[in-house]
Amino acid sequence: ADLDLDVSGITHNCVGKQQGQACILECMDGYALDGDPSVYTCSGVSLEGPGLPTCTPKVCQYQFPDGLGVSHDCDGIGTGLTCTAECGVGYMYAVGSKAEMFTCTSSGEF
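Residues numbered from 1 in each chain as written. Predicted model: local features only at pLDDT ≥ 70, side-chain atom pairs only at ≥ 80, totals over all residues. Heavy atoms only, no water.

S.K.: Give a description of the pairing of strand 8 (residues 82–87) that names residues and reports values.
M.R.: In terms of strand pairing, strand 7 (residues 70–72) meets strand 8 through three bridges, oriented antiparallel. Paired with histidine 72 across the two strands is alanine 85, which belongs to strand 8. As judged from the four bridges shared by strand 8 and strand 9 (residues 100–103), these two strands associate in the antiparallel manner. When the bridges of strand 9 are listed, alanine 85 appears paired with glutamate 100. (Pairing = 2+ DSSP bridges. Helix = DSSP H or I, 4+ residues; strand = E, 2+ residues; numbered from the N terminus.)

S.K.: Quick rundown of the layout of surface pockets? Include the residues and the values.
M.R.: As a volume, the largest pocket reaches approximately 200 Å³. Contributing to the lining of the largest pocket are 15 residues, with Val70, Glu86, Cys87, Tyr93 and Lys98 lying nearest its centre. When residues in the lining of the largest pocket are grouped by element, the largest group, three residues, is from strand 8. Looking at side-chain class alone, the lining of the largest pocket contains 10 nonpolar, two polar and three charged residues. (1 Å grid on protein atoms, 1.4 Å probe; cavity = no way out; pocket = protein on both sides within 12 Å on 5 of 7 lines; lining within 4 Å. Points joined across faces, edges and corners; volume = space filled by probe spheres on them. Nonpolar A, V, L, I, M, F, W, Y, C, P; charged D, E, K, R; others polar.)

S.K.: So, the nonpolar core: which residues are in play, and what are the values?
M.R.: Grouped together as the largest cluster of nonpolar side chains are 10 residues: Ile10, Cys14, Cys23, Leu25, Cys27, Tyr31, Tyr40, Cys42, Leu47 and Cys55. Listed by contribution, the elements that provide at least two residues to this core are strand 2 (22–27) and strand 4 (38–43). The dominant element in this core, judged by the number of residues it contributes, is strand 2, at three residues. Residues Cys60, Cys74, Ile77 and Cys104 belong to the second largest nonpolar core, which totals six residues. (Core = buried A, V, L, I, M, F, W, Y, C linked by side-chain atoms within 4.5 Å. Buried < 20%, exposed > 50% of the residue type's maximum accessible area, 1.4 Å probe, protein only.)

S.K.: Help me get a handle on the sheet that holds strand 9, residues and values and all.
M.R.: Whenever strands of a sheet pair, they do so through backbone hydrogen bonds, lying parallel or antiparallel. Within the open sheet, the three strands sit side by side as 7-8-9. Their pairing is antiparallel. Where the open sheet ends on each side, the last strands, each with one partner, are strand 7 and strand 9. Within this sheet the neighbouring strands show an average axis-to-axis angle of 30 degrees, counted without direction. (Axes fitted to C-alpha atoms, helices over the stretch in contact; angles between N-to-C directions.)

S.K.: So, the sheet that holds strand 2: which residues are in play, and what are the values?
M.R.: Spatial ordering of the open sheet is given by 1-2-4-5, a layout of four strands whose pairing is antiparallel. Two strands in the sheet have a free side with no partner beyond their single neighbour: strand 1 (10–12) and strand 5 (46–48). Strand after strand, the sheet turns through a mean of 35 degrees between neighbouring axes, direction not considered. Bridging between strand 4 and strand 5 involves three bridges; their strand directions are antiparallel. Bridge pairing links serine 43 to serine 46 in strand 5.

Take it as geometry only, folks, not as evidence of what the structure does.
The structure is reproduced here in structure tokens:
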């Protein structure tokens, strides 16, 4: 069976492997591995091995949007996901400004 290695959060060194050579599937930076990395073996035209590793986004913990009157929904947001910062209750946007989107990066910052 064909193995789809284009999965969010997973990185590998399987490209260019020859018959009988091994490659490792593991989590990208910013993702937590649940279990062990997966080792696959190249067998002709396919890869053989266990299931794909389970990689979950790590929650961002640094550089939250802040400032007087800023409200955000960034708590608990993980790598690659977005959140919004906007004016809090009782505050208005300055002329030309609006709510902004922030993305959690692999370094754990927005």
